[in-house]
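Chain by chain, the residues run as shown.
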Amino acid sequence: MCAMFHQLDDTIVAVSSPAGTGVRGIIRLSGPGAFELAAGVFTCDDGRSLTELPGHRRVAGRLWMEPSASLPAEAYTFRAPASYTRQDVIELHTLGSPAVLAAVLERLTAAGARPAEPGEFTAWAFFSGAMDLTRVEGVAAIIHARNDSQLRASEALLHGRLSRRSNGLREQLVDLLALVEAEIDFSEEAVEFVTPQRVLDVVGSVSGELAALIHHAPSIERLETLPEVMLAGRPNAGKSTLMNALTNMDRAIQSAMPGTTRDVLSAPLSVPGGEVMLLDAAGLDVGVGMSADEAAGHPDAQAQATARRLMLRSNMLILVVDATDAPRETLEWLRPILPARPMCTALSKSDLVASADVDRLAAELNGPAPVHVVSAVTGQGVALLREEIGRTVFGAGEASAAEVLTLSDRQRQSLRTAYDALCRARRMCEECPDVMNSVELLAIEIRESINALSLLVGEVATEELLGRIFSRFCIGK
Ligand SMILES: Nc1nc2c(ncn2[C@@H]2O[C@H](COP(=O)(O)OP(=O)(O)O)[C@@H](O)[C@H]2O)c(=O)[nH]1
Ligand SMILES: [Mg+2]
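From a predicted model like this one, the values you see are computed outputs, not experimental measurements.

Undergrad: Which residues make up the pairing of strand 9 (residues 265-271), and what are the values?
TA: Across seven bridges, strand 9 lies against strand 10 (residues 274-280) in antiparallel orientation. Following the sheet pairing, Ala267 is matched in strand 10 by Leu278. Between strand 9 and strand 10, which pair antiparallel and follow one another directly, the connecting turn spans two residues, one of which, Gly273, has a positive phi of 105 degrees.

Undergrad: Requested: an account of the packing of helix 9 (residues 239-247) against helix 14 (residues 382-394), with residues and values cited.
TA: Between helix 9 and helix 14, the shortest axis-to-axis distance is 10 Å and the interhelical angle comes to 85 degrees. Looking at the two axes, helix 9 sits roughly perpendicular to helix 14. Two secondary-structure elements touch here, helix 9 through Leu242, Ala245 and Leu246 and helix 14 through Val382, Leu385 and Arg386. Of the residues assigned to the contact of helix 9 with helix 14, the class counts are five nonpolar, no polar and one charged.

Undergrad: Kindly report on the environment of Arg24, identifying the contributing residues and their values.
TA: Counting through the fold element by element, Arg24 comes out in strand 2 (residues 22-30). The sequence separation of Arg24 and Ala73 amounts to 49 residues, and the corresponding C-alpha distance is 9.9 Å.

Undergrad: Which residues make up the confidence of the model for the protein chain, and what are the values?
TA: Of all residues in the protein chain, 72% have pLDDT values of 70 or greater, and the mean over the chain is 79. Mean pLDDT across the elements of the protein chain bottoms out in helix 15 (residues 398-403) (39) and peaks in helix 1 (residues 34-39) (97). Segment residues 1-6 is flagged for pLDDT under 50; beyond a separation of four residues in sequence, or across chains, it makes 17 contacts in the model. Confidence drops under pLDDT 50 across residues 250-256; counting only partners more than four residues distant or on other chains, this segment forms 20 contacts.

Undergrad: Now, about the pattern of salt bridges: what can you tell me, with residues and values included?
TA: It is possible for side chains bearing opposite charge to pair when their charged atoms get close. For the structure on display, the rule yields 16 salt bridges. Across the salt bridge formed by Asp420 and Arg416, the nearest N and O atoms sit 3.5 Å from each other. Of this pair, Asp420 and Arg416 both sit in helix 16 (residues 409-431), four residues apart, which is roughly one turn of that helix. Assessed through its relative accessible area of 29%, Asp420 is described here as partly exposed.

Undergrad: Please set out helix 9 residue by residue, giving values where relevant.
TA: Helical periodicity: at 3.6 residues per turn, an α-helix aligns residues three or four positions apart in one direction. Of all nine residues in helix 9, eight are buried; the element is thus mostly enclosed. Of the residues making up helix 9, those classed as buried are Lys239, Ser240, Leu242, Met243, Asn244, Ala245, Leu246 and Thr247. Check the buried side of helix 9 and you find it contacts strand 8 (228-233), strand 9, strand 10, strand 11 (316-322), strand 12 (343-348) and helix 14. Two residues or fewer past helix 9, Asn248 is found with a positive phi of approximately 55 degrees.

Undergrad: Would you mind going over the pairing of strand 4 (residues 57-66) in detail, with residue names and values included?
TA: Here three bridges tie strand 3 (residues 42-44) to strand 4, and the two strands are oriented antiparallel to one another. Bridged to Phe42 within strand 4 is Leu63. By the bridge criterion, nine bridges tie strand 4 to strand 5 (residues 69-78) in an arrangement that is antiparallel. Bridge pairing links Ala60 to Glu74 in strand 5. Linking strand 4 to strand 5, which pair antiparallel, is a turn of two residues.

Undergrad: Report on a nonpolar patch on the surface, specifying residues and quantitative values.
TA: Together, Leu179, Phe186 and Phe193 make up an exposed nonpolar region whose accessible area comes to about 240 Å². Note that Leu179 resides in helix 6 (residues 161-185). For Leu179, a relative accessible area of 31% puts it in the partly exposed group.

Undergrad: Describe helix 13 (residues 355-365), with residues and values.
TA: Residues of helix 13 that are buried include every one of Val358, Leu361, Ala362 and Leu365, and no others. The buried residues of helix 13 all sit within an arc of 100 degrees when viewed along its axis, so they share a single face. Turned more than 90 degrees off the buried face of helix 13, the exposed positions are Ala356, Asp359 and Ala363. The secondary structure elements touched by the buried residues of helix 13 are helix 12 (327-334), strand 12 and strand 13 (371-373).

Undergrad: Residue-level account of the packing of helix 12 against helix 13, with values.
TA: Each pair of packed helices gets described by two things: the angle between the helix axes and the distance between those axes. Two elements in contact, helix 12 and helix 13, have axes whose closest approach is 10 Å; the angle formed by their N-to-C orientations is 25 degrees. Judged by the inter-axis angle, helix 12 sits roughly parallel to helix 13. Here the hand of the crossing between helix 12 and helix 13 comes out right-handed. Where helix 12 abuts helix 13, its residues Pro327, Arg328 and Leu331 lie against Leu361, Glu364 and Leu365. In terms of residue class, the contact of helix 12 with helix 13 is built from four nonpolar, no polar and two charged.

Cut-offs applied
- Residues numbered from 1 in each chain as written.
- Chains lettered and ligands numbered in written order.
- Predicted model: local features only at pLDDT ≥ 70, side-chain atom pairs only at ≥ 80, totals over all residues.
- Heavy atoms only, no water.
- Pairing = 2+ DSSP bridges.
- Helix = DSSP H or I, 4+ residues; strand = E, 2+ residues; numbered from the N terminus.
- Axes fitted to C-alpha atoms, helices over the stretch in contact; angles between N-to-C directions.
- Parallel < 35°, antiparallel > 145°, perpendicular 65-115°, else oblique.
- Contact = heavy atoms within 4.5 Å.
- Nonpolar A, V, L, I, M, F, W, Y, C, P; charged D, E, K, R; others polar.
- pLDDT = per-residue confidence, 0-100.
- Salt bridge = Lys/Arg side-chain N within 4 Å of Asp/Glu carboxyl O.
- Buried < 20%, exposed > 50% of the residue type's maximum accessible area, 1.4 Å probe, protein only.
- Patch = residues over 30% accessible without salt bridge, like charges linked within 9 Å, V, L, I, M, F, W, Y side chains within 5 Å.
- Areas by Shrake-Rupley, 256 points an atom, 1.4 Å probe, with all protein chains shown as cover.
- Arc of directions from axis to C-beta.
- Left-handed = near helix turned anticlockwise from the far one by under 90°.

So this is what it looks like as structure tokens:
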């Protein structure tokens, strides 16, 4: 557990502009001493002290790296509670020079500011009630986002879509629980507050929505690593050359000698919809009908095993088939060792075959895996193949990606707990005609479900839970 959750009186400081040399460098301070500490390194051009300034001001001035050296800069002031963290916050904007930022940071820490831990600014926003937990996780997800659909999903999270949906469900349960508890409290009276049918209706509809959330949302954890797309095929099929053509890089080593690519080469590739990791491994060469012993005796057994394992792990396969070397037989040979994955066929080296023959071959090979005629030499088909990868991995429409609501494992777990409790409640209603005689048991399950949904938005969050979430942040956010 980080110490950050125990020291809310500190003033924390961090560089909050992206790492490296950028146009603008930002140093952010938050806490009771923010104005005082910033005034030690920043002088306003108009002669006032930062400490006199109200919030929401921008002032021009100079930032002092040492007592005799300064740079033009601007200070942005935010007074508690009208700030990101709800504490006093100052941002000092200057040139994005890592050396300058480091020097100022050092002066500020020497003067008593504490270097912020990853995610700490956001942690404070959470503690002060400015954000609930699902939104905090949205910030973490955006920092980690590597592709468009993931970014949109993270933003949806940040803007509270998950909170809104789960809060809506929780409210329905709270209303239901009130009625069920009235039955308990007034069990002696002849008044009926809620019918078993009504309980069943609410429980059924809420658990249905929970199930939809649990099953349809891909997880943030999974989205954080790039989807993998593997070039699979026989040795010498042109995989490495195609990888270079796709990525415009000379990263993979291609050669006329079969079996050159021993280890796995990978390169990020931008395709419509986001970024994928392209993998190039050894060409598949172990016979389909080969026994385990024979396979193990293959001179390249280890590389072969790696290639097979990578196929299983990949999100998509591109079957690279040499147009000059019995492509139909090659595909037949490959088919039995291919795992069930979205795939397409790249008919390679098309520049070496007469175009009429290529067209005929492509038509013959077309099937569930669409065929793309490609040549690394002429560039034919390479752009279309890139589009195909985007379509396959990230789905067709922008709209569908925007609907994606990502869930972290923690959130899915909470939803699951809420869902399970409701299933038990439903079974009670269905199996026991006089459920209202044991209405306390029903109340327990509904309460459990409400608690799990409360946990989802962090109302009863534990320290351990918070540590896990905030550890995903970068420093300065
Ligand atoms: N003419 C032509 N030759 C190619 C093309 N792609 C690959 N090659 C050649 O085919 C051989 C094997 O290519 P390579 O990419 O190393 O195959 P890998 O074993 O599947 O990775 C090399 O001599 C490449 O220059 C292509 O599109 N056109
Ligand atoms: Mg190769």
